[in-house]
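# Architecture at a glance
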Amino acid sequence: MAYHRGRGGRSGGKKKNRQVQGDEVIRVPLPKEGQLFGVIEQALGSGWMDVRCSDGKIRRCRIPGKLKRRMWMRVGDVVIVQPWDVQTEERGDIVYRYTRTQVDWLLRRGKISQEFLSGGELLF
């Protein structure tokens, strides 16, 4: 006898990532204080990437285990970087990876520029 079990006792669906700024609802997570936008420049292996950050520095960033197991990171992906407390200028952690739709939203709203994505000028 085959039957569908459902969600195994969990209730509700996905938790929506929403912020409110004025009248506008933001569904895309933005960098918090101390975090930066970044673009992955090179994959180094073992969960390490070279990331060009919005402050003009290239940091060697690691992908924490919870992200490494959940999603793939590729060259050209837009990410949020959390610089380390020690070696702030050289190292960091990748906290979030944006989808293509989210990157389009960031471009339309002026949060990032096309020059930043292509490797030209800096964010602001």
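The name given to the chain in an unreviewed UniProt entry is Translation initiation factor 1A, with the source organism recorded as Thermococcus celericrescens. Taken from UniProt, the Sequence similarities (unreviewed entry) comment for the chain reads in full: "Belongs to the eIF-1A family." Here the chain is described in UniProt, under the heading Function (unreviewed entry), as follows: "Seems to be required for maximal rate of protein biosynthesis. Enhances ribosome dissociation into subunits and stabilizes the binding of the initiator Met-tRNA(I) to 40 S ribosomal subunits."

### Regarding the nonpolar core
Phe37, Val78, Tyr98, Val103, Leu106, Ile112 and Leu117 are the most contacted members of the largest nonpolar core, which has 13 residues in total. Among the secondary structure elements, those contributing two or more residues to this core are β3 (36-45), β6 (78-83), α2 (100-109) and α3 (114-118). Residue contributions to this core peak at three residues, all from α2. If sequence neighbours within four positions are ignored, tyrosine 98 has contacts with Val28, Pro29, Leu30, Pro31, Phe37, Val78, Val79, Ile80, Val103 and Leu106. Counting residues in each nonpolar core, the second largest holds 12 residues, with Ile40, Val51, Cys53 and Cys61 among its members.

Calculation notes
Residues numbered from 1 in each chain as written. Predicted model: local features only at pLDDT ≥ 70, side-chain atom pairs only at ≥ 80, totals over all residues. Heavy atoms only, no water. UniProt positions renumbered as here; feature names shortened; annotations may be inferred. Core = buried A, V, L, I, M, F, W, Y, C linked by side-chain atoms within 4.5 Å. Buried < 20%, exposed > 50% of the residue type's maximum accessible area, 1.4 Å probe, protein only. Helix = DSSP H or I, 4+ residues; strand = E, 2+ residues; numbered from the N terminus. Contact = heavy atoms within 4.5 Å.

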